[in-house]
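Per-entry structural report
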Amino acid sequence: MLDKNGIAKRIAKEIKDGYYVNLGIGIPTLVANYIPDNINVVLQSENGLLGMGPFPFEGEEDADLINAGKQTITMLPGSAVFDSAMSFGMIRAQKVDLTILGAMEVSEYGDIANWKIPGKLVKGMGGAMDLVASAKNIIVAMQQVNKAGESKLLPQCTLPLTGVKCIRKIVTEMAVFEVDVENGGFHLVERAPGISVEQVRNATAGRFIANNDVPEMQL
Amino acid sequence: MINKVVNHAEEAIEGMTDGMTLMLGGFGLCGIPENCISEIVKKGITGLTCISNNAGVDDFGIGLMLHKRQVKKMIASYVGENAEFERQLLSGELEVELIPQGTLATRCLAAGYGMPAIFTPAGVGTELAEGKEVRDFGGKDYLMEMAFEADFAIVKAWKGDTAGNLIYRKTARNFNPVMAMAGKITIAEVEELVEVGELDPDQIHTPGVFVHRIFQGNSYEKRIEQRTVRSV
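Within each chain, residues carry numbers counting from 1 in the order of the written sequence. In the order they appear in the text, chains get letters beginning with A and ligands get numbers beginning with 1. In keeping with the model being predicted, local features are shown solely for residues with a pLDDT of at least 70 and side-chain atom pairs are shown and tallied solely at 80 or more, while totals for entire chains, interfaces and linings include all residues. As a convention, hydrogens and water are excluded, and side-chain values are obtained from all of the structure's heavy atoms.

1. Details of the side chain of Asn176 of chain B
Mapped onto the secondary structure, Asn176 of chain B falls in helix H6 (residues 176-180). Taking the relative accessible area as the measure of exposure, Asn176 of chain B reaches 0% and is therefore buried. Elements are defined by DSSP. Helices are runs of H or I of four residues or more, strands are runs of E of two residues or more, and each kind is numbered from the N terminus. For each residue, the accessible area found with a 1.4 Å probe, counting protein chains only, is set against the maximum for its type, and the residue is called buried under 20%, exposed over 50%, and partly exposed in between.

2. Digging into the side chain of Thr162 of chain A
Relative to the assigned elements, Thr162 of chain A resides in the loop between strand E9 (153-154) and strand E10 (169-171). Here Thr162 of chain A falls in the buried class, since its relative accessible area comes to 0%. Among the polar contacts listed, one links the side chain of Thr162 of chain A to the side chain of Asn114 of chain A, at a separation of 2.7 Å. Excluding anything up to four places from it in sequence, Thr162 of chain A contacts Ile112, Ala113, Asn114, Trp115, Ala128, Met129 and Val132 of chain A together with Thr126 of chain B. By the criterion applied in these results, polar contacts are pairs of N or O atoms within 3.5 Å in which, for protein atoms, one can donate a hydrogen and the other can accept it, and in which residues neighboring in sequence qualify only through two side-chain atoms. We call two residues in contact whenever any of their non-hydrogen atoms come within 4.5 Å of each other.

3. Concerning the sheet that holds strand E3 (residues 49-53) of chain A
Residue and element names in this part refer to chain A. Taken in spatial order, the 10 strands line up as E4-E3-E2-E1-E5-E8-E10-E11-E12-E13 in an open sheet, and their pairing is mixed. Of all the strands in the sheet, the pair left with one neighbour each is strand E4 (74-81) and strand E13 (208-209). Pairing geometry for strand E12 (residues 186-191) and E13, over two bridges, is parallel. Bridge pairing links Phe186 to Phe208 in E13. What makes two strands pair is DSSP finding at least two bridges between them.

4. Some thoughts on the interface of chain B and chain A
Quoted interface sizes are often the accessible area lost when the parts come together. On the side of chain A, 48 residues touch chain B, which itself brings 51 residues to the contact. The junction of chain B with chain A conceals about 4,200 Å² of combined surface from both sides, 61% of it contributed by carbon and sulfur atoms. Salt bridges are defined as contacts in which a side-chain nitrogen from Lys or Arg sits within 4 Å of a carboxyl oxygen from Asp or Glu. Our enumeration of links across chain B and chain A arrives at seven salt bridges. In this structure, Glu127 of chain B and Lys116 of chain A form a salt bridge, with 2.6 Å as the shortest nitrogen-oxygen distance. Counting every contact that joins chain B to chain A gives 28 residue pairs in polar contact (both at pLDDT 80 or more). Put simply, the parts of the chain that give the side of chain B that touches chain A at least two residues each are helix H4 (83-91), helix H5 (101-112) and H6 of chain B. The leading source of residues in the side of chain B that touches chain A is H5 of chain B, at six residues. Buried area counts how much accessible surface, traced with a 1.4 Å probe, disappears from two parts once they are put together, with both parts' losses summed.

5. Some remarks on the sheet that holds strand E7 (residues 112-113) of chain A
Sheets are built from strands paired through backbone hydrogen bonds, the pairs being either parallel or antiparallel. Residues and elements named next belong to chain A. Strand order in this open sheet of three strands is E7-E6-E9, and the pairing throughout is mixed. Both outer strands of the open sheet, E7 and E9, are each paired with one neighbouring strand and no more. In this sheet, E7 lies alongside strand E6 (residues 105-107) in antiparallel orientation, the contact comprising two bridges. Its bridge partner being in E7, Glu105 is matched across the sheet by Ala113.

6. Section: the pairing of strand E1 (residues 21-24) of chain B
Consecutive side chains along a regular strand alternate between the two faces of the sheet. Residues and elements named next belong to chain B. Neither face of E1 is left uncovered, since the one carrying Thr21 and Met23 and the one carrying Leu22 and Leu24 both have all their residues buried. Across three bridges, E1 lies against strand E2 (residues 48-51) in parallel orientation. Across the sheet, the residue bridging to Thr21 is Thr49, located in E2. Following the backbone out of E1, through helix H2 (residues 34-43) and into the adjacent parallel E2, one traces a crossover that is right-handed. Clockwise travel from the first strand over the helix to the second, with the strands pointing away from the viewer, marks a crossover as right-handed.

7. Points about the pattern of salt bridges
Within the structure shown, the criterion is met by 28 salt bridges over all chains. With a shortest N-O distance of 2.7 Å, Asp64 of chain A and Lys222 of chain B are connected by a salt bridge. In this pair, Asp64 of chain A is assigned in the loop between E3 and E4 and Lys222 of chain B in the segment after strand E11 (213-216), connecting two distinct chains. A relative accessible area of 22% means that Lys222 of chain B is categorised as partly exposed. Residue Lys123 of chain A is joined to Glu86 of chain B by a salt bridge in which the shortest nitrogen-to-oxygen separation is 3.4 Å. With one member in each of two chains, Lys123 of chain A in the loop between E7 and helix H4 (128-134) and Glu86 of chain B in helix H4 form a pair that bridges those chains.

Structural measurements only, silent on function.
Next comes the structure, spelled out in structure tokens:
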């Protein structure tokens, strides 16, 4: 079973040299820590920055320089700043190669719910609806089951949707899945170290597809 | 040239009355028009519809207007941690319309570019699409979203000149340039106001044609919402 950092580490392997990447809040943010040094990756922050760097050293924080989570950050050489409309322009026009975000539920057809729980106070979708509607390459980073022990990989989402037929890859603490958005199904492609196909099957409520030999993740 | 320079926020918001629609630039507390917000609070203008990405925090930004119950309706993409906001929302005192961040920015952009509406894939197949026109372009569905109309757009820039030309600093740019283009009356408050000729025309982000009133603000607090640092 992977911890949050393990999930981030596995996702980092999906990032290729030259990619522009948008990282959501939560586990996705941790992915930045595992990008290999030998590749060149540009992080996009949807409030208007390409080339996001690490947090500043104490005393070097700048109120005018934050990420989409409102955290103080730095800019790397080659950075570019732009307005919010241009930021979502590059997202909508698929200039950003990879989007990594969290989810509350994903359906076997690649629908995603991650912004609203009826009866609870809604804080808003931020940029999530724009990202899932437009990005060509989205990876969901999430726990396989919720706090009540119920699978988050479902035949259909029960929560209000953020987007439809848009999630094609999911990485959880147990496995890596590819989602068949046309026919419906979670195709198990990798198991976390020490996790059996049966364990993953038992934690997947939607249609589960696995070949005989499912390899273990290489981290 | 008509004089756009006003002395302070009080003069800048002249003509702003109860029930108007305002656009307010900023992302979180970054790049918000602090001086104008203070003045609106001081004047006690009420029944306002505010278009802004966020709603400030309890004791800063638009949160100050919420505390004095000046906001009737908030149009935002994310309202964050704001106890007074939650209380007013749950009691029904405050109307809230949550929209995707890209839709918010592009509805401002459309207004500024003189276009009545946009088509965006954001929200297709979700509850946001209810009651909206959906159109298929090349096999993909898009929602029609209308350009915003705002009586005032209030933006914050780093530098400006007396002709209203503006330059923003780092990510404090965010929604400010698109909102600056979108107001019936646009107010710009700047950290440093200079004479014409002092800014390099090649570096201008917002041309002065969009700005009706400009002033040099004072006592900028520039509060940080999430101070994060790395260990040495």
